[in-house]
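Read off the chains here:
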Amino acid sequence: MSSDTPVIELKSVKKSFGPVEVLKDVNFSVRAGEVTALVGDNGAGKSTLIKGLAGIQPYDAGTILFEGKPVELHSPRQSADLGIDVVYQDLALCDNLDIVHNMFLGREEANAGVLDEGHMESEAANTLTSLSVKTVKSVRQKVARLSGGQRQTVAIARAVLWNNKVVILDEPTAALGVAQTEQVLQLVRRLADAGKAVIIISHNLQDVFTVADRIYVLYLGKMTAAVKKSETNQADVVGYITGAKTQEVGA
Amino acid sequence: MSNQNAIQTGNEGSFLDAGRNYIARVKGGETGSLPALLGLVILATIFAVANPIFLKPINFANLLTQTATVTTLAMGLTFVLLLGEIDLSAGVTAGLSAAFLAITMSEYGVAWPIAAVIAISMGMLIGFLIGLLVAKVGIPSFVVTLAAFLAFQGLQLVVVGKGGLIGIDAPPILAIMNTPMQLAFGWILLAIVFLSYLGTSIYSRRQRTSSGQQNKPLGILIFRSVAILVVGAGFVSFLNLERGANPAVTSLRGVPYVVPIVLILLAVGTFVLNRTKFGRHVYAVGGNAEAARRAGIQVSRVRITVFMISSTFAGIAGILMASRQASVDAAAGRSIVLNAIAAAVVGGVSLFGGRGRLSDAVIGGFVIAVIDNGLGLIGLASGLNLAITGGVLLLAATADAITSRKSRTS
Ligand SMILES: Nc1ncnc2c1ncn2[C@@H]1O[C@H](COP(=O)(O)OP(=O)(O)OP(=O)(O)O)[C@@H](O)[C@H]1O
Ligand SMILES: [Mg+2]
């Protein structure tokens, strides 16, 4: 399971938009092989924290340690090069392309300039198989024809295909029904079991308690709790989210 | 080895299964150019019944040369349409290229191959500038290319001179549209087309087999090969029939030179779209530009490149136009861009981006030309063919809008 050094460690990161402080001295760490849930009310700063890690919106101040070493994250490229991948809430898939094309988007394999469809196809199929995906019938289906859960599956499988160390999922179950939520959560679990550090943002505490190992709570830009799932309960977490309860996470 | 993966590739099953899958896809809205092909058959039947001249070799050869310019323009435009953009300037770019071709040859004595390269390069440069304004400055392509459409008409007037006409007399340029190839060349052309199809198909089957992937049923390859041979042979032997008005004096038979030119553009363009990273990125940007950007695709580079391709095809279309008319006037190319856009859309290229192929543009080009040609033969008032072309375009655009809405909301 988890080794001692976290894959990512944020120390006192700050972010403001004009006069509004959105992240106030936030500490955050994620470990390989664990699912780390990030929860908090609307506007608490969850997406802002994630955008910093994705390199889309750099933090104003603070330290980022990647596998113990300080790094800068100023562009999506830098994050991608470190092996940090974000599955956005809107998924960012091309509906007009098939599953293989989407999984390899921007990183197509070619031989002497000619796309190597056969190889990409078997890699995509193997990745889906390794994640025990059973809902997708053919890798040559157009993404437009997939259900919400299947689309989520493709987006996650894409992150896995590239052997990323950190996979960040922004509300992966928000638009899904019961059965599909269940499947996606199982997939999230398998990612962590395969040794990846997984960060999941969710408003659904039931999902969080199903899948997460650790729970971080943001409240108005401050990290008010960092607890192991085994040492807390839903009522406490609701308390942290609403600000009724705090567990100072400082040093 | 496909059973190693529980997940299929869509290549499984027999020839009949493949047929059923195709029908299912068509029913699901992925019709491609099928409606245009059906329309073509219906229109051709109507016109053939109404006026037997429609089916004469001379008319068929005319049809080919009539469509060539519009089809070439439409193939270039397809790249732009695939991004959900538009290029209203393609026609006048063709006109301007034609004017440059004529002037460099007639006034500066430039040899025709160099003049042709200059004309095509000028098209490419225009596309680069348009692409820059669209991709880097962020002006909608409709506005940029409308401005170019207006400005180039003026430029053309200045270059050619009001009411002016520059003649073309370089025989090789004139030959493209006006002289047929020797009879044997038609058969050689068919052999090349057939062998390239067979070669690339066998190559990609080998590649798939070597990486342990399922191939499509062999029946499809055989079916397509036979189709190419039968249709191609019919086509070549028909064009090899005598079609001269007075064969005793001048014999006119053989495949026009423009046919291999259009086929090469079609083959190269299709290869680029289907088999290269750039082509894949064109579809990706057209399908979801934001997703493409996040995947690390340089979206503005793709944008600029498609405008360059469109204008380069326009440059080539300009040469075809000059060849057909044996001259270039101040208004050359002004009216053809709308026909070219109509051709692409009627053929099945989506105006919303991300969907369509170059072959769609070719088939659409035929539909537009057949309407024009057939109604002319029937002797209907000339206003009517515009109205009918407009109606067909509207029909195609309606189908496009419904398909696009279906795939967005599903
Ligand atoms: N680009 C921006 N400019 C100005 N303010 C911003 C910007 N992005 C976010 N904010 C503000 O920062 C705060 C935190 O936003 P953020 O999107 O991180 O919240 P969140 O926790 O993800 O909320 P939700 O659960 O609703 O997604 C909000 O008050 C928001 O209005
Ligand atoms: Mg958010």
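Scroll up to find the structure this text is about.
(A) Just a positive patch on the surface, in detail. Residue and element names in this part refer to chain B. A contiguous patch of positive charge, built from R25, K216, R224 and R357, is present on the exposed surface. The topology assignment puts K216 in the loop between α8 (183-210) and α9 (218-239). Look at K216 and you get partly exposed, because its relative accessible area is 44%.

(B) Structural detail: the interface of chain A and chain B. With 37 residues of chain A at the interface, the matching set in chain B holds 30 residues. Of the roughly 2,900 Å² buried between chain A and chain B, counting both surfaces, carbon and sulfur atoms make up 50%. Of all residues in chain A, the largest losses of buried area upon contact with chain B belong to A:N96, A:E108 and A:L115, amounting jointly to 17% of the total for that side. Remark: the boundary between chain A and chain B carries two salt bridges. Run the count over chain A and chain B and you get nine residue pairs in polar contact (both at pLDDT 80 or more). Put simply, the parts of the chain that give the side of chain A that touches chain B at least two residues each are β7 (110-111), β8 (114-115) and α4 (117-130) of chain A. No other element matches the nine residues that α4(A) contributes to the side of chain A that touches chain B. Across the side of chain A that touches chain B, the residue classes break down as 15 nonpolar, eleven polar and eleven charged.

(C) Region of the structure containing the packing of aromatic side chains. Under the criterion given, the structure shown has six aromatic pairs over all chains. Aromatic side chains A:F28 and A:Y216 sit 4.7 Å apart centroid to centroid with 85° between the ring planes, which places their arrangement in the edge-to-face category. Here the residue A:F28 occupies a position in strand β2 (residues 20-30), and A:Y216 occupies one in strand β11 (residues 214-219), the gap between them amounting to 188 residues. Each member of the pair A:F28 and A:Y216 is classed as buried. An aromatic cluster is built from B:F60, B:F235 and B:F238, whose rings are joined through pairwise contacts. When the ring centre of A:Y88 is taken as reference, the NZ or CZ atom of B:R294 above it lies at 4.1 Å.

(D) Region of the structure containing the side chain of B:S141. Its place among the elements puts B:S141 in helix α6 (residues 141-160). Those residues in contact with B:S141, other than ones at most four positions away along the chain, are B:E85, B:I86, B:V134, B:L146 and B:F307.

(E) View of the site of ligand 1. Residues and elements named next belong to chain A. Around ligand 1 sit F17, V22, D41, N42, G43, A44, G45, K46, S47, T48, Q57 and H203, and those are all the residues in its vicinity. Interatomic distance of 2.9 Å between a backbone N/O atom of G45 and an oxygen atom of ligand 1. Between an oxygen atom of ligand 1 and a side-chain N or O atom of T48, the distance comes to 2.5 Å. Burial of ligand 1 by the protein amounts to 59% of the accessible area it has alone, namely 640 Å². With three residues, the single largest contributor to the shell around ligand 1 is helix α1 (residues 46-54). Along the lines of polarity and charge, the residues of the shell around ligand 1 split into three nonpolar, seven polar and two charged.

(F) Fine view of α1(A). All names here are of chain A. Counting buried positions over the nine residues of α1 gives seven, a clear majority of the element. For α1, the complete set of buried residues consists of K46, T48, L49, I50, G52, L53 and A54. Just beyond α1, the residue with positive phi is G55, at close to 80°.

(G) The arrangement of the nonpolar core in detail. Counting 112 residues, the largest nonpolar core has B:L73, B:M75, B:L101, B:I168, B:V258 and B:V328 as the members making the most contacts within it. No other element matches the 14 residues that helix α3 (residues 57-82) of chain B contributes to this core. Core analysis: the second largest hydrophobic core is formed by 51 residues, A:L131, A:L161, A:L187 and A:V188 among them.

Calculation rules
- Residues numbered from 1 in each chain as written.
- Chains lettered and ligands numbered in written order.
- Predicted model: local features only at pLDDT ≥ 70, side-chain atom pairs only at ≥ 80, totals over all residues.
- Heavy atoms only, no water.
- Patch = residues over 30% accessible without salt bridge, like charges linked within 9 Å, V, L, I, M, F, W, Y side chains within 5 Å.
- Areas by Shrake-Rupley, 256 points an atom, 1.4 Å probe, with all protein chains shown as cover.
- Salt bridge = Lys/Arg side-chain N within 4 Å of Asp/Glu carboxyl O.
- Lys, Arg positive; Asp, Glu negative; His and termini not counted.
- Charge placed at Lys NZ, Arg CZ, Asp CG, Glu CD.
- Helix = DSSP H or I, 4+ residues; strand = E, 2+ residues; numbered from the N terminus.
- Buried < 20%, exposed > 50% of the residue type's maximum accessible area, 1.4 Å probe, protein only.
- Contact = heavy atoms within 4.5 Å.
- Buried area = accessible area lost by both parts, 1.4 Å probe.
- Polar contact = N/O pair within 3.5 Å; in protein donor to acceptor, adjacent residues only side chain to side chain.
- Nonpolar A, V, L, I, M, F, W, Y, C, P; charged D, E, K, R; others polar.
- Phe/Tyr/Trp six-rings, centres within 6.5 Å; stacked < 30°, edge-to-face > 60°.
- Lys NZ or Arg CZ within 6 Å of the ring centre and 35° of its normal.
- Near = heavy atom within 4 Å.
- Core = buried A, V, L, I, M, F, W, Y, C linked by side-chain atoms within 4.5 Å.

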